[in-house]
Each structure stands twice: as C-alpha cells, then as structure tokens.
Amino acid sequence: MEKNEIIEYSYQSGVRWGDPEVDYKPMLNIYIKWSNGGIMQLDSDDDHWLEFKILSTKTKGVYDLASGIRGVTYRWNGSRYLK
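Keep in mind that this is a model prediction, so the values were computed, not measured. (Residues numbered from 1 in each chain as written. Predicted model: local features only at pLDDT ≥ 70, side-chain atom pairs only at ≥ 80, totals over all residues. Heavy atoms only, no water.)

Visitor: For this particular structure, what's the right way to read the overall build of the protein?
Guide: Each helix and strand counted, the protein has zero helices and seven strands in total. Ordered by position from N to C terminus, the α and β elements of the protein give β-β-β-β-β-β-β. Each principal axis of the C-alpha atoms in the protein carries an extent, and together these give about 45 × 25 × 20 Å. Counting every position in the protein, which comprises 83 residues, the buried fraction comes to 30%. A sequence separation of at least 24 residues applies to 25% of the contacts in the protein between residues at least 6 apart. Accessible surface, the protein: about 5900 Å² in total, of which carbon and sulfur atoms supply 48%. Averaging the coordinates of the 11 positive side-chain charges in the protein and doing the same for the 12 negative ones gives two points 4 Å apart. (Helix = DSSP H or I, 4+ residues; strand = E, 2+ residues; numbered from the N terminus. Buried < 20%, exposed > 50% of the residue type's maximum accessible area, 1.4 Å probe, protein only. Contact = heavy atoms within 4.5 Å. Areas by Shrake-Rupley, 256 points an atom, 1.4 Å probe, with all protein chains shown as cover. Lys, Arg positive; Asp, Glu negative; His and termini not counted. Charge placed at Lys NZ, Arg CZ, Asp CG, Glu CD.)

Visitor: Help me out: how do you make sense of the sheet that holds strand β5 (residues 62-66) in this one?
Guide: Adjacent strands of a sheet form backbone hydrogen bonds with each other and so pair up, either parallel or antiparallel. The strand order β4-β5-β6-β7 describes an open sheet built from four strands, whose pairing is antiparallel. For this open sheet the edge positions go to β4 (53-59) and β7 (81-82), each flanked by a neighbour on one side alone. (Pairing = 2+ DSSP bridges.)

Visitor: Would you take a moment to explain the pattern of salt bridges for this structure?
Guide: Where charged atoms of side chains with opposite charge meet at close range, the side chains can pair. Scanning the model with the defined rule gives three salt bridges in all. Residue K33 is joined to E8 by a salt bridge in which the shortest nitrogen-to-oxygen separation is 3.3 Å. Residue K33 is found in strand β2 (residues 27-33), and its partner E8 is found in strand β1 (residues 6-12); the two are separated by 25 residues along the sequence. By relative accessible area, E8 is classed as partly exposed at 35%. Of the charged contacts in the structure, one is a salt bridge between R75 and D64, with a shortest N-O distance of 3.9 Å. In this pair, R75 is assigned in strand β6 (residues 73-76) and D64 in strand β5, connecting sequence segments eleven residues apart. (Salt bridge = Lys/Arg side-chain N within 4 Å of Asp/Glu carboxyl O.)

Visitor: Explanation requested: the layout of surface pockets in the structure shown.
Guide: The method is simple in principle: a probe with the dimensions of a water molecule rolls over the atoms, and the space it marks as empty is what remains. If you add up the space inside the largest pocket, you get close to 200 Å³. Surrounding the largest pocket, E5, I7, I32, W34, F52, I54, V62, Y63, L65 and Y81 form its lining. The element contributing the most residues to the lining of the largest pocket is β5, with three residues. Of the residues in the lining of the largest pocket, the class split is nine nonpolar, no polar and one charged. (1 Å grid on protein atoms, 1.4 Å probe; cavity = no way out; pocket = protein on both sides within 12 Å on 5 of 7 lines; lining within 4 Å. Points joined across faces, edges and corners; volume = space filled by probe spheres on them. Nonpolar A, V, L, I, M, F, W, Y, C, P; charged D, E, K, R; others polar.)

Visitor: Would you take a moment to explain unusual backbone geometry for this structure?
Guide: Residues other than glycine predominantly adopt negative phi, and peptide bonds predominantly adopt the trans conformation. Within the chain, K60 stands out as a residue other than glycine whose phi angle is a positive 55°. The topology assignment puts K60 in the loop between β4 and β5. A relative accessible area of 63% means that K60 is categorised as exposed.

Structure (structure tokens):
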C-alpha cells in the first residue's frame, strides 16, 4: 500500500506583523508529515503563509509550493523546502 504525505496546519488570526503586505491577514502554521515518518514545519520567523498552494511545477521530483506572498515560491532542494 502506497503512503501519501499529510499536510496539517493551524490557523492564526490576523495581527499587526509590521509588514504592510501581511498586516492583519490570517497566517498558517504548516507541517508536512512525510510518508517516511519525518515531519517538516514550513513556517519560521522569516516565513509567512497566507495561503497554501501546491503548484503544478516540480523541483527535484517534489511539487513546488506558494505561500500567497507575492513572488514567493518554495522549492525542494533535496532535503527541505527553501524560498
């Protein structure tokens, strides 16, 4: 039986973040549970996720992601997603 990745998120209501593009917009804290048992958190102090989009493009065989921030795409480098 083939296992799929599981994507989980928690929703954080909008607050003043100090960035006009994201101020008062809700944020997502996103976790990917990989089929091999590993867990990766996608958000950090420098990353804001307004949306979670799985793009049709792939890097190194893994789908690229978009956070909803203008011009920001996350690509797989072989071990993790990077901007």
